[in-house]
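Listed below, chain by chain, are the residues.
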Amino acid sequence: MHFYMPRSAEKARLGLQRLIIGSCCVFCNRRGEQNRDVCIACEQLFVRRVFIEKRHWVNFLCSLCGEEHRQFMPEDEFPDQSDENRRSKEPYFCQKCQLSNALFVRVLAPYRYEFPLDRIIQRMKYGQQRVLGRVLGSLLASHVGSDHSLPDIVLSVPLHTSRQISRGYNQAADIARWCARELGIAHKPLAVSRVFDTGSLAGLSKPARQLRILGAFRASDEVRGLRIAIVDDVLTTGATTRELARELYDSGAESVEVWVLARTSSSR
Ligand SMILES: [Zn+2]
Ligand SMILES: [Zn+2]
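Conventions we followed
Residues numbered from 1 in each chain as written. Chains lettered and ligands numbered in written order. Predicted model: local features only at pLDDT ≥ 70, side-chain atom pairs only at ≥ 80, totals over all residues. Helix = DSSP H or I, 4+ residues; strand = E, 2+ residues; numbered from the N terminus. Buried ≥ 20, exposed ≤ 12 C-beta atoms within 10 Å, placed from the backbone. Pairing = 2+ DSSP bridges. Axes fitted to C-alpha atoms, helices over the stretch in contact; angles between N-to-C directions. Parallel < 35°, antiparallel > 145°, perpendicular 65-115°, else oblique. Left-handed = near helix turned anticlockwise from the far one by under 90°. Contact = placed C-beta atoms within 7 Å. Nonpolar A, V, L, I, M, F, W, Y, C, P; charged D, E, K, R; others polar. Core = buried A, V, L, I, M, F, W, Y, C linked by C-beta atoms within 7 Å. Domains from an automatic or database assignment. pLDDT = per-residue confidence, 0-100. Expected span 1.5 Å × (residues − 1).

A. Structural detail: the overall build of the protein. When its secondary structure is counted, the protein shows 10 helices and 11 strands. Across the 268 residues that make up the protein, the buried fraction comes to 36%.

Structure below.
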């Protein structure tokens, strides 16, 4: 059973808890900064999806297709550090995706799926380290920013029941729950379900993934008219997320955005 406190009460409770207990970096045990369980020094090790190199070059992975790009930036647009932080929140789509993406109102992917973040995500997924859900969820929430209005609910990509039973938990749902809690938004994991087990999609081509995942999700009526953020750990080909978004729109969702921690590079 899921119990949702009013947004203000939940935020006040979190604030009080941190005032009493404090926060501690789970990677180095130093005191956590900005009330997070990862310190700034450790977070710097995570490779940003968008970063500036030699003053004039913006390097980015397209958040939708994962293609590597390098873009020249003129002198008058020279960024300071806060600008770099802002840029990492921007979508930075490649031209091809700018023209073809009509599905998502926003794709947030602050980091690249590279060392050490890839190991941390794997530890959470396969190493039973569920505590990392809180860390990754609050880290993701810190990147959501205030430039966009918040969605009504947060969802995660559901696992098929048999897979969830064998793993014991859904890492995406854990990340989504903590992220939603941090932002004071409702997390509705039961609003979508997976109707058949697609097996692992790893190693399949993009068309093969699309075919395998077709019709895999069912959304309940409660998504009707809502603005929804789909939360996941990693965005790879995006076939799963697109199929879930299609089902949400078919079920009457007003808008769908995607929040993931990391984007894989398609050039690897
Ligand atoms: Zn640390
Ligand atoms: Zn692209």
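B. Seen up close, the pairing of strand 6 (residues 153-156). Sheet topology note: the strand 6/strand 7 (residues 186-187) ladder contains 2 bridges and is parallel. Looking at the pairing, Val-154 lines up with His-187 of strand 7.

C. Quick look at the packing of helix 6 (residues 132-144) against helix 8 (residues 171-183). Axis separation between helix 6 and helix 8 bottoms out at 7 Å; the angle between their running directions is 50°. Judged by the angle between their axes, helix 6 and helix 8 are oblique. Where helix 6 crosses over helix 8, the two elements pack in a sense that is right-handed. Along its contact with helix 6, which presents Gly-133, Arg-134, Leu-136, Gly-137, Ser-138, Leu-140, Ala-141 and Val-144, the element helix 8 presents Gln-171, Asp-174, Ile-175, Ala-176, Arg-177, Trp-178, Cys-179, Glu-182 and Leu-183. In terms of residue class, the contact of helix 6 with helix 8 is made up of 9 nonpolar, 4 polar and 4 charged.

D. Seen up close, the sheet that holds strand 3 (residues 68-72). The strand order across the open sheet built from 3 strands is 1-2-3, with neighbouring strands paired in antiparallel fashion. Edge strands, defined here as strands with exactly one partner in the open sheet, are strand 1 (50-53) and strand 3. Between one strand axis and the next, the sheet turns through 25° on average, direction left out of account. By the bridge criterion, 5 bridges tie strand 2 (residues 57-61) to strand 3 in an arrangement that is antiparallel. Note on strand 3: the bridge partner recorded for Trp-57 is Phe-72.

E. Structural detail: the nonpolar core. In this structure, Ala-176, Cys-179, Ile-228, Ile-230, Val-231 and Leu-261 are the most contacted members of the largest nonpolar core, which totals 59 residues. When residues in this core are grouped by element, the largest group, 8 residues, is from helix 8. For this core, the two domains that each supply at least three residues are domain 2 (50-100) and domain 3 (102-263).

F. Seen up close, the packing of helix 9 (residues 206-213) against helix 10 (residues 239-250). Across the interface, helix 9 lies against helix 10 with an axial gap of 9 Å and an inter-helix angle of 35°. Of the two possible hands of crossing, helix 9 and helix 10 adopt the one that is right-handed. Contact with helix 9, carried on its side by Lys-206, Arg-209, Gln-210 and Ile-213, involves Ala-239, Thr-240 and Glu-243 of helix 10 and no other residues of that element. Of the residues assigned to the contact of helix 9 with helix 10, the class counts are 2 nonpolar, 2 polar and 3 charged.

G. Just the environment of Gly-137, in detail. Summarising the element assignment, Gly-137 is placed in helix 6. Remark: the alpha-carbon pair of Gly-137 and Arg-177, spanning 40 residues in sequence, is separated by 7.2 Å. With residues up to four places along the chain from it excluded, the contact list for Gly-137 reads Asp-174, Ile-175, Ala-176, Arg-177, Trp-178, Cys-179 and Glu-182.

H. Structural detail: the confidence of the model for the protein. Of the residues in the protein, 84% reach a pLDDT of 70 or more, and the chain-wide mean stands at 84. Per-residue pLDDT stays below 50 along residues 1-5; that stretch engages in 3 contacts with residues further than four places along the chain or on separate chains.

I. Layout of the pairing of strand 3. Buried residues are scarce in strand 3, accounting for 0 of its 5 residues. Linkage of strand 2 to strand 3, two consecutive antiparallel strands, is achieved through a turn of 6 residues, within which Gly-66 is found at a positive phi near 80°.

J. How the structure looks around the environment of Glu-182. Tracing the backbone shows Glu-182 in helix 8. Spatially, the C-alpha atoms of Glu-182 and Ser-142 are 8.5 Å apart, while their sequence positions differ by 40 residues. The residues touching Glu-182, leaving out its near neighbours within four places in the chain, are Gly-137, Ser-138 and Ala-141.

K. Representation of helix 10. For helix 10, with 12 residues, the first-to-last C-alpha span of 17 Å sits near the 16 Å given by 1.5 Å per residue. Those residues of helix 10 not exposed but buried are Ala-239, Thr-240, Thr-241, Arg-242, Glu-243, Leu-244, Ala-245 and Leu-248. Structurally, helix 10 contributes buried residues whose contacts are with strand 8 (192-194), helix 9, strand 9 (217-219), strand 10 (227-235) and strand 11 (255-263). Immediately downstream of helix 10, the backbone of Gly-252 shows phi near 100°, a positive value.

L. Spotlight on helix 8. If you check helix 8, its first and last C-alpha atoms are 19 Å apart, about what 13 residues at 1.5 Å a residue would give, namely 18 Å. Across the 13 residues of helix 8, 13 count as buried, placing the element largely inside the fold. Backbone geometry just after helix 8 places Gly-184 at a positive phi near 75°.

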